[in-house]
Amino acid sequence: MIGVGLVGLGEIGQVHLKGLRESAHVGYLSICDLDTDLVERSRGDDRVAASLDEMLADENISVIDVCLPHHLHAPYALAAIAAGKHVLLEKPMAMTLDECDQFIEAADAAGVTVGVSHNQLFYEPHHHLAEMIDSGSLGDLRAIRARLAIGGKYGAWRSDPDQAGGGLVMDAGVHRMYVLERLGGAVKAVTAVMDEPRREDLYTILFEFESGALGTIDATYHGPDGLFDDQIEVVGTDAIVKVTGCEALFEGYASGPAMAMWRDGSWVERDTDDNWAGSVKASVDRFCAAVDSGGEPPVTAADGRRIVALIDAAYRSAAEGRRIEM
Ligand SMILES: NC(=O)c1ccc[n+]([C@@H]2O[C@H](COP(=O)([O-])OP(=O)(O)OC[C@H]3O[C@@H](n4cnc5c(N)ncnc54)[C@H](O)[C@@H]3O)[C@@H](O)[C@H]2O)c1
């Protein structure tokens, strides 16, 4: 069993906390947040550390789990790696490719593991989608369409590009990036249109997959108040499958059945486990299991870097008005 130090107890930190408490691989847990009231409300039987430095000095801790605003991912991860700790980062791995490269180089030199929590890879309907594509049961993959409409911007650090690294692409958009890459495979080129790159509230991104299939992500904060609507639709030559509301379900709004397939002339709903929080817990548990056994994490630093590269390409495409080859 391993010891974990969880830094950041906000929206997603609370779900990591539950996952770490439930993980059979975690035998020691310490928590830390600048908000001391939040720490008191969250602590349960866990240890409390006043700072990252206190966690780094704790020999019982081998993993630092970073659930912080994006501009803090790099300094916290690099400090943890320098102290010989393994690191799990919430998405996105970092704000820039340069930061990703620093993590990878430092982790290689220190002999520690860096992983990223791309939790929607562990969301059961997405897992089924990937299996259907891989097995050929949808026929030949032709198109993947991801859409996201949110009713209004989130405040605090998310609205500050210096802390978030961008706008809607860097926040909820990241999930669509890694899910599309998992479903569609290697990306050949990216073309994007955005209202204001790195401060975007509205965008469309086109992926050209190596396979010849196309993928689109269209996303906006300009929905009516209270809306959170997300959907992924996969079009194959034999069937279409829609997954609706992975995050919408946890936000309290969804516009359709969790999973439905059109084949042979009619739509059929598919029974599936639409547990978003379960996907976060599974992602955290799988990373802890990998560290515990000395294996490779389910989402490696190289995987995390590839997604930051797609994000970087989308920003460059939108800013320069051209198609970017990967
Ligand atoms: N996987 C998902 O679905 C999902 C959902 C939400 C957020 N996220 C990601 O999780 C990360 C955190 O987002 P969030 O929504 O939980 O943010 P949040 O604002 O809700 O929480 C951040 C927490 O970090 C604490 N904090 C800030 N600076 C600190 C410091 N220096 N030391 C210790 N604590 C500090 C804050 O007090 C706050 O409690 C981001 O990378 C975000 O993109 C992922």
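Residues numbered from 1 in each chain as written. Predicted model: local features only at pLDDT ≥ 70, side-chain atom pairs only at ≥ 80, totals over all residues.

**Concerning helix α10 (residues 276-293)**
Given a rise of 1.5 Å per residue, 18 residues ought to cover 26 Å, and the 26 Å separating the end C-alpha atoms of α10 matches this to within 8%. Among the residues making up α10, those that are buried are Ser279, Val280, Lys281, Ala282, Ser283, Val284, Arg286, Phe287, Cys288, Ala290 and Val291. At its buried positions, α10 is contacted by β1 (2-7), α1 (11-22), β2 (26-32), β4 (63-66), β5 (86-90) and β6 (114-117). (Helix = DSSP H or I, 4+ residues; strand = E, 2+ residues; numbered from the N terminus. Expected span 1.5 Å × (residues − 1). Buried ≥ 20, exposed ≤ 12 C-beta atoms within 10 Å, placed from the backbone. Contact = placed C-beta atoms within 7 Å.)

**Re the environment of glutamate 325**
Structurally, glutamate 325 is set in strand β15 (residues 324-325). For glutamate 325, a count of 10 C-beta atoms within 10 Å puts it in the exposed group. Separated by 96 residues in sequence, glutamate 325 and aspartate 229 have C-alpha atoms that sit 30 Å apart. Those residues in contact with glutamate 325 that lie beyond four places of it in its chain are Lys188 and Ala189.

**Focus on the sheet that holds β4**
Taken in spatial order, the six strands of this open sheet run β3-β2-β1-β4-β5-β6, and their pairing is parallel. Two strands bound the open sheet, and with one partner strand each, they are β3 (47-48) and β6. Sheet topology places β1 next to β4; four bridges connect them, and they run parallel. Residue pairing for β4: leucine 6 is matched across the bridge by aspartate 65. (Pairing = 2+ DSSP bridges.)

**Structural notes on the nonpolar core**
Judged by nonpolar contacts, the single largest core of 97 residues is most densely connected at Val4, Val66, Ala77, Val87, Val234, Ile311 and Ala314. Of the residues forming this core, the biggest block, nine residues, is contributed by helix α11 (residues 301-320). Split by domain, this core shows at least three residues from each of two domains, domain 1 (2-119 + 279-299) and domain 2 (120-274 + 310-325). Not counting the four nearest positions on each side in its chain, isoleucine 311 is found in contact with Pro92, Val169, Met170 and Met177. (Core = buried A, V, L, I, M, F, W, Y, C linked by C-beta atoms within 7 Å. Domains from an automatic or database assignment.)

**Things to note about the site of the ligand**
Taken together, 23 residues are adjacent to the ligand, and Gly8, Gly10, Glu11, Ile12 and Glu90 come closest. In terms of residue count, α1 provides more of the shell around the ligand than any other element does, three residues in total. Partitioning the shell around the ligand into residue classes produces twelve nonpolar, five polar and six charged. (Near = placed C-beta within 6 Å. Nonpolar A, V, L, I, M, F, W, Y, C, P; charged D, E, K, R; others polar.)

**A short note on the domain arrangement of the protein chain**
Segmenting the protein chain into domains produces domain 1 (2-119 + 279-299) and domain 2 (120-274 + 310-325). Computed over C-alpha atoms only, the centres of domain 1 and domain 2 are separated by 26 Å. Facing 13 residues of domain 1, the contacting portion of domain 2 comprises 15 residues.

**What about the sheet that holds strand β10 (residues 214-220)?**
Taken together, the nine strands give an open sheet; going across it, the order is β14-β13-β12-β11-β7-β10-β9-β8-β15, and neighbouring strands pair in mixed fashion. A single partner strand is all that each edge strand has here, and the edge strands are β14 (266-269) and β15. Bridge count between strand β8 (residues 187-194) and strand β9 (residues 202-209): seven bridges; the pairing is antiparallel. Paired with threonine 191 across the strands is leucine 206, a residue of β9. Strands β7 (141-150), β11 (228-236), β12 (240-244) and β13 (259-263) of the sheet are contacted by helix α6 (residues 124-135), whose axis makes an angle of about 165° with β12. The strands that helix α8 (residues 173-184) touches are β7, β8, β9, β10 and β11; relative to β7, the one it contacts most, it runs at about 170°. (Axes fitted to C-alpha atoms, helices over the stretch in contact; angles between N-to-C directions.)

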